[in-house]
Amino acid sequence: ATAGSPPQPVTVTITGAGGQIGYALLFRIAAGAMLGDRPVRLRLLEVPQGMKAAEGAALELQDCALHLLRSVDITDDARSGFEGANIAMLVGARPRTAGMERADLLSANAGIFGPQGAALNAVAAPDIRVVVVGNPANTNALIAAASAPDIPGERFAALTRLDHDRAVGQLAQAAGASPTDVRGVTIWGNHSATQFPDVDHALIAGRPARDVLSERLGGPGAALAWLDDEFVPRVAKRGAEIIAVRGSSSAASAANAAISHVRDSVLGTGDESVSAAVLSHGEYGVAEGIYSSFPVTSDGTGYRIVEGLSLDDRARARIDASASEIVAERDAVRALGLL
Ligand code: NAD
Ligand code: LMR
């Protein structure tokens, strides 16, 4: 924008806007939580049976009289939904229920992301950025990106910010610190139970997290035992814990993480790293071409992988195991003819 001219509205398309996460997302985006003081046009893309719920949310959005909200359009047609979109949040997909792993959703959900990728390719704005929330998110991001050959693969990501924020929350609690004092946590790999929540480079109030844990828990051995036996499984299986306790999958925390993911991509992270599942070019030995979670930063133009972190054997083994699972999911959707 030239000096003095008002900022142009940003067009944000949200799929599955009539669902649980959608309901927790729309109002905060329209209130400025995601893009700062930029006007926003919302496009809600649903399937026919979800249209009424999306229409209801649109009525409520109007009733909030939000000064940044320029328009709300609702459609069940992907091309109209993604027309001119600057940001696409692909939430629409079936959630798992108790007893399922996220990969069990592959056959139910994978078919959604090819057509949506193709529609994005055809009609989205040239600066489109996409975050995939629907599970299994890493593989769905791969499918969407593969169906959008004209959009650089780096513009797609799958959400692991919720896992990241969960890890920050658990670590802060164990250390008796505030979440704002925790930096440098990384989620590696798949948004699944094999993910590796890594604190080896994390700082708590400026001190190595491992040292702080060691002091509080009674030595380095006790700190490592807590990390391996409690922290890692708690974070990796938190989605299932929420489903068991709440009766349905996480919604407000997922929406919060999706907002943070887009906000930090668009407004920048400064020198702080966060986590997102982005396209691997072979960084840290992760198979090229898959969407795997890494430590990332953004200067406002999109996420870049932070390189050069040292990995010990423990980290190496866990990252390899999770990346192998993503490769296996890729091979499974190839076998289904979806890739
Ligand atoms: P939900 O069932 O409440 O809502 C999903 C909505 O998507 C429904 O309104 C449905 O009509 C719509 N939908 C289905 N297919 C669609 C399509 N092809 N196009 C557009 N809309 C479509 O589910 P939810 O709780 O909002 O969860 C949505 C997805 O997000 C699930 O797959 C869930 O597992 C996943 N999730 C991911 C994370 C993460 O961290 N990555 C966190 C929480 C949930
Ligand atoms: C989560 O992490 O809460 C979501 O991916 C939902 C799920 O199935 O775990």
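Residues numbered from 1 in each chain as written. Chains lettered and ligands numbered in written order. Predicted model: local features only at pLDDT ≥ 70, side-chain atom pairs only at ≥ 80, totals over all residues.

**So, the site of ligand 2**
What counts, and what does not: Any residue whose C-beta atom, as set from the backbone, lies within 6 Å of a molecule or strand is reported as near that molecule or strand. A helix here means a DSSP run of H or I that spans at least four residues, while a strand means a run of E at least two residues long, and both kinds are numbered starting from the N terminus. For this scheme, ten residues count as nonpolar: Ala, Val, Leu, Ile, Met, Phe, Trp, Tyr, Cys and Pro. Four count as charged, namely Asp, Glu, Lys and Arg, and the remainder, Gly too, count as polar. A domain assignment, automatic or from a database, supplies the domain bounds used here.
Close contacts around ligand 2 come from Pro95, Arg96, Arg102, Asn135, Leu162, Gly239, Ala240, Ile242, Ser249, Ser250 and Ala254, and that covers them all. Considering every element that reaches the shell around ligand 2, the biggest residue donor is helix α9 (residues 238-246), with three residues. A breakdown of the residues in the shell around ligand 2 according to their chemical character gives five nonpolar, four polar and two charged. Each of domain 1 (10-158) and domain 2 (161-334) gives at least three residues to the shell around ligand 2.

**Digging into unusual backbone geometry**
Note the following rule: Our exposure labels follow a C-beta count within 10 Å of each residue's own C-beta, placed from the backbone: buried means 20 or more other C-beta atoms, exposed means 12 or fewer, and partly exposed covers the counts in between.
The omega torsion of the bond from Asn135 to Pro136 falls at -5°, within 30 degrees of zero and hence cis. A positive phi is found at Tyr284, a non-glycine position, where the angle reads about 55°. Mapped onto the fold, Tyr284 is located in the loop between β12 (274-279) and β13 (291-298). The class of Tyr284 is buried, set by 20 C-beta atoms lying within 10 Å.

**Description of the site of ligand 1**
The environment of ligand 1 is formed by 31 residues, the closest being Gly16, Gly19, Gly50, Gly92 and Ala254. Element by element, the count of residues in the shell around ligand 1 is highest for helix α1 (residues 20-30), at three residues. Split into classes, the residues belonging to the shell around ligand 1 amount to 14 nonpolar, 14 polar and three charged.

**Considering the UniProt feature "domain: Lactate/malate dehydrogenase N-terminal" (unreviewed entry) in the protein**
Test applied: UniProt positions are given in the numbering used here, feature names are shortened, and annotations may be inferred rather than shown by experiment.
Residues given the UniProt feature "domain: Lactate/malate dehydrogenase N-terminal" (unreviewed entry) here are residues 11-149. Helix makes up 41% of residues 11-149 and strand 19%, and the two end C-alpha atoms of the span are 22 Å apart.

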